[in-house]
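Each chain is listed here by its residues.
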Amino acid sequence: MAAVLYRFTRDLRLEDHAGLAAALAYGEVLPVLIIDRALESRISASPRRAAFFCGAVASLDAALRERGTQLIVRRGNAGPILKSLARASGARAVAWSASFDRAGTQTDERLQSEMEEAGLRALAVQDAPAITPEETTAARPSAGEGYRAFVPYHELWRELEPASYELPLLLTFAKSNAESEPLPQPGDFGSTVAQMDVGAQKAAANLDAFLSSDGLQYAFAVNVPADDRTSHLSADLSFGTISARTIVRAARRRSEDPFLLTEERHFLKLFLRSIALRDFFLQLSWYHPRTDKEPLQEKMRDFLFVKSHPALEAWRTGRTGYPLVDAGIRQLHATGWMHPRIRYIAASFLCFDLGVDWRIGLDDWEHHLI
């Protein structure tokens, strides 16, 4: 049977995987992880991110070994590596999870062209959202190139059922003699943080625990900074150790429990709304990508951002004297995570009270957020 290369990126799992499902149509899967310059830069930016990433990769490799194969790790430029592996394995197709940011989509387009010029079928599959931009457009063609307002988007989103790609018995892997480079370690990215015990199984267990208990109090937890009972699934969604589709289906099933109180059912709907908001921004980026050189939205165009401020360092270190802001920054430094409501407050303080360019804050948070 023919082989197909699958390049893992932000989708470090085997479960409910749109990319793997698409790849299977072309043959047995040869799993590949390529650490190129862009990925190395992203992971190196944060010591905790490096620890999470390496743990997720190790978990993925362990899951593959249970199925009689392993993750083939390479370091370098993706194009030449994929072509070399395709020649060695006889693969006729290459698949990966599509990016939704401007730089990522441009890289996807270049890689797709390079693969096709080499005679390979190239598949960039939309795996990150629960409901893909293509699905919303197909359901309501009048939407054209996506939604710019969340309310009508959310109305449609609630009507759609996420696709399911749970096919463990059909998931077959190609036999290959290709040698793998060592799995990445946190130290490879300059991190001294110990590799985290994370992965698909952990993410699924955390989701189950959240929906059975804390999720029923989500409306309180998401609005009370001292309440730590939000889902904490943001890093798992970012690295794809769990699918947004899985989360939506599980939350919807839970909300249909006849023994739930009305308010508990309402709280789960608020949680689902937060996933819909994530999908909304993904489709917005998909249809309307922009770069730093392009203008900001109307409301921000005339705002006179500055690059420095006497209180900037105090904001960075959680010493502004505003307890709510400072507590959030200290939480970020200590855990690599910040309560969602405090993210808004800390960012607003930087931009609208200090008048500092939001990209200054982004660069700082990039060093701490998982």
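An account of the accompanying structure is given in this report. (Residues numbered from 1 in each chain as written. Predicted model: local features only at pLDDT ≥ 70, side-chain atom pairs only at ≥ 80, totals over all residues. Heavy atoms only, no water.)

1. Describing the packing of helix 8 (residues 200–212) against helix 11 (residues 244–255)
Relative to each other, helix 8 and helix 11 sit at 25 degrees, their axes nearing to 10 Å. Between helix 8 and helix 11, the angle falls in the class roughly parallel. Note on packing geometry: the crossing formed by helix 8 with helix 11 is right-handed. Contacts from Leu207, Leu211 and Ser212 of helix 8 reach helix 11 at Thr246, Ile247, Ala250, Ala251 and Arg254. Partitioning the contact of helix 8 with helix 11 into residue classes produces five nonpolar, two polar and one charged. (Axes fitted to C-alpha atoms, helices over the stretch in contact; angles between N-to-C directions. Helix = DSSP H or I, 4+ residues; strand = E, 2+ residues; numbered from the N terminus. Parallel < 35°, antiparallel > 145°, perpendicular 65-115°, else oblique. Left-handed = near helix turned anticlockwise from the far one by under 90°. Contact = heavy atoms within 4.5 Å. Nonpolar A, V, L, I, M, F, W, Y, C, P; charged D, E, K, R; others polar.)

2. A few points about a nonpolar patch on the surface
The grouping of Leu324, Tyr344 and Ile345 at the surface amounts to a nonpolar patch, some 280 Å² of accessible area in total. Within the secondary structure layout, Ile345 lies in helix 16 (residues 340–353). Judged by relative accessible area, which is 30%, Ile345 ranks as partly exposed. (Patch = residues over 30% accessible without salt bridge, like charges linked within 9 Å, V, L, I, M, F, W, Y side chains within 5 Å. Areas by Shrake-Rupley, 256 points an atom, 1.4 Å probe, with all protein chains shown as cover. Salt bridge = Lys/Arg side-chain N within 4 Å of Asp/Glu carboxyl O. Buried < 20%, exposed > 50% of the residue type's maximum accessible area, 1.4 Å probe, protein only.)

3. Here's the deal with unusual backbone geometry
A positive phi angle, close to 45 degrees, is found at Asp16, a residue other than glycine. Its location among the elements puts Asp16 in the loop between strand 1 (3–8) and helix 1 (18–24). By relative accessible area, which is 0% here, Asp16 ends up buried.

4. A short note on the environment of Ala251
Tracing the backbone through its elements, the reader meets Ala251 in helix 11. Taking the C-alpha atoms as reference points, Ala251 and Leu272, 21 residues apart in sequence, are found 7.1 Å from one another. Once residues lying within four places of it in the same chain are set aside, the contact partners of Ala251 are Leu211, Leu268, Phe271 and Leu272.

5. A look at the packing of helix 4 (residues 78–89) against helix 5 (residues 102–117)
Their axes nearest at 10 Å, the elements helix 4 and helix 5 cross at an angle of 35 degrees. As for how helix 4 packs across helix 5, the hand of that crossing is right-handed. Contacts between helix 4 and helix 5 involve Ala78, Gly79, Pro80, Leu82 and Lys83 from the first element and Leu111, Glu114 and Met115 from the second. Of the residues belonging to the contact of helix 4 with helix 5, the class tally is five nonpolar, one polar and two charged.

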